[in-house]
Amino acid sequence: MRYVIKIGTSSLFNEDGTAKESVLSNLLETVKDIFNGGHEVILVVSGAVACGKAILKQIVEKLEKEDKTTNNDLYREYKKLQDKIDFSKKLNEKINKYEKLKNTTNNSLYMKYKELSERANLTTTEKSVIAGIGQSEMMRIIQSKAFSYGILTEQVLLSGKSDLKRTTAVKNMEKCFKKRILAVVNANDTVYEEELEDGGNERFSDNDTLASDLARTIKADRLFLITNVAGYLDSNNGLVEEITVDRGNHYLRRTKLTKSSVGSGGMYSKLGNALAFAKSGGITFIISVKDISYILEIAELKRKAGTRVCKKLTLKERVKAFVKENIENGGIANNESSNRQAIERWL
């Protein structure tokens, strides 16, 4: 089975740019289990901008601590960028507070913060610079941890959608599969939007899109989109266990366009890209970081967790899952209770 696993910035990194150690450990332990099970896996990771912001803050604090700020052009430039990031963060915190309280209608202060926030956001050029600073740091963190699990990694940067159409990119992925090397894929945010457009290469809107497009290109069987919530939640915060393509638009219409403070995606993006992959015949699972250790079981339909997005499980697939589970539990021939439970679960 071929897997693509995508994990976002807020799931893998803290706001200070440090890795969430338990999450990264569980992720790499799962990757090792996938490899040892004879399967193939690619990891799509976000976090370059978060890591870049952390390094920028560290260098500013270092220069201030060493009293190297006077007549220092480097410090002035770094400090100006750091102040902009801090100001934008404070504005977003205030905006999120109003939105959480649902106190936004006819709220002049909220509208003022929104207006200021749009002006305070990093420009495309500034984001590219920050991403360039953080890209190597993000990879260093992942590579170092993967090494401790006996896993070799290779960084793959994709500038735009046309990169997936090039045979060299796909061949490189296939090489990683054969050599049991973990390809760590990320969008190349150091390339400006204008440069991509000049070359007719459309940028990935976020890494959920990248993961879905990549999964379809390499003909993956399973796509996992890892988030900080249990899966897709309904209006009462109840988990929706399955969304099929024919009902996809219904759920998309009621999904808010939201994103985290350190990421660029959101549930709207995840569901939209999950449906796109499902239309191609694959199955997507939107799961919580807490369920990373169960990815193999979830993929094989032996455990229910998160939200499964698919065309529709056929009767044959449901029976297959039922038989497999019962054989492994020793209940296919002589355990009527186990059989009944499995039938209720899968059929």
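What you see as residue numbers is a count from 1 along each chain, following the sequence as written. The predicted nature of this model means local features are confined to residues of pLDDT at least 70 and side-chain atom pairs, given and counted, to a pLDDT of 80 or more, with totals for whole chains, interfaces and linings taken over all residues. The basis for every side-chain value is the complete set of heavy atoms in the structure, and neither hydrogens nor water enter the calculation.

A word on the overall build of the protein. The way it works is that DSSP assigns letters per residue, a run of H or I at least four long becomes a helix, a run of E at least two long becomes a strand, and they are numbered from the N terminus. Of regular secondary structure, the protein possesses 14 helices and 8 strands. Three exposure classes are used, based on accessible area relative to the maximum for each residue type with a 1.4 Å probe and protein chains only: buried under 20%, partly exposed in between, and exposed over 50%. Here the protein, with 347 residues, has 46% of them falling under the buried criterion. Any pair of residues with heavy atoms lying within 4.5 Å of one another is described as a contacting pair. For the protein, the proportion of contacts with a sequence separation of at least 24, taken over those separated by at least 6, is 71%. Total accessible area computed for the protein in this model is approximately 18,500 Å², and 49% of it derives from carbon and sulfur atoms. All accessible areas in this document rest on Shrake-Rupley with a 1.4 Å probe, and a residue is counted as covered only by the protein chains that are shown.

Within the chain, Asp 67 stands out as a residue other than glycine whose phi angle is a positive 55°. Even without glycine at this site, Asn 106 takes up a positive phi of about 55°. Relative to the assigned elements, Asn 106 resides in the loop between helix H4 (73–100) and helix H5 (108–120). Here Asn 106 falls in the exposed class, since its relative accessible area comes to 81%.

Turning our eyes to something else, we now look at helix H6 (residues 124–148). Take the number of residues in a helix, subtract one, and multiply by 1.5 Å to get its expected span. With 25 residues, H6 ought to run about 36 Å at 1.5 Å a step, and its terminal C-alpha atoms sit 36 Å apart, in line with that. At every residue, the bend is computed as the angle between two fitted axes, covering the seven residues ending there and the seven beginning there respectively. The largest bend in H6 amounts to roughly 30° and is located at Gly 134. Of the positions making up H6, those classed as buried are Ser 128, Ile 130, Ala 131, Gly 134, Gln 135, Met 138, Met 139, Ile 141, Ile 142 and Ala 146. Of the surrounding elements, those touching the buried residues of H6 are helix H2 (21–36), strand S2 (40–45), helix H3 (48–65), H4, strand S3 (153–158) and strand S4 (182–187).

The sheet built from 8 strands is open, its strands ordered S3-S4-S2-S1-S5-S7-S8-S6 with mixed pairing. At either end of the open sheet lies a strand with only one pairing partner, and these are S3 and strand S6 (242–244). Taking the axes of each pair of neighbouring strands and ignoring which way they run, one obtains an average angle of 20° across the sheet. Should DSSP find at least two bridges between two strands, the strands are regarded as paired. Taken together, the 6 bridges between strand S5 (residues 222–227) and strand S7 (residues 283–288) define a ladder with parallel strand orientation. Angles here are taken between N-to-C directions and fall from 0 to 180 degrees, while the axes themselves are lines fitted to C-alpha atoms, restricted in helices to the stretch in contact.

Let's shift gears to the pairing of S7. Here is the key point about a regular strand: its side chains alternate between the two faces of the sheet. The buried fraction of S7 is high, at 6 of 6 residues. The alternating pattern of S7 places Ile 283, Phe 285 and Ile 287 on one face and Thr 284, Ile 286 and Ser 288 on the opposite face, and all of these are buried. Pairing between S7 and strand S8 (residues 307–310): 3 bridges, direction antiparallel. If you follow Ile 286 over to S8, its bridge partner there is Thr 307.

A few words on the confidence of the model for the protein. Confidence of the predictor at the level of single residues is given by pLDDT, which spans 0 to 100. Averaged over the protein, the pLDDT score is 83; the fraction of residues at 70 or greater is 80%. Considering each helix and strand of the protein separately, the mean pLDDT is smallest for helix H8 (residues 193–198), with a value of 45, and largest for strand S1 (residues 2–7), with 96. Confidence drops under pLDDT 50 across residues 194–201; counting only partners more than four residues distant or on other chains, this segment forms 11 contacts. The model gives residues 258–264 a pLDDT under 50, and that stretch makes 14 contacts with residues more than four places away or in other chains.

Relative to the assigned elements, Ser 212 resides in helix H9 (residues 207–217). Overall, Ser 212 belongs to the buried group, its relative accessible area being 0%. N or O atoms within 3.5 Å of each other form a polar contact, as long as, within protein, one can give a hydrogen and the other can take it, and as long as residues adjacent in sequence are counted only when both atoms are side-chain atoms. There is a polar contact of 2.9 Å between the side chain of Ser 212 and the backbone oxygen of Asn 273. For Ser 212, the residues in contact, after removing those within four places along its chain, are Leu 223, Asn 273, Ala 276 and Phe 277.

For the rest of this paragraph, the subject is the pairing of S5. With 6 of 6 residues buried, S5 is to be regarded as a mostly interior element. Residues Arg 222, Phe 224 and Ile 226 of S5 are buried on one face, and the alternating residues Leu 223, Leu 225 and Thr 227, pointing to the opposite face, are buried as well. When S1 meets S5, the two strands line up parallel, connected through 5 bridges. Within the sheet, the bridge partner assigned to Tyr 3 lies in S5 and is Arg 222.

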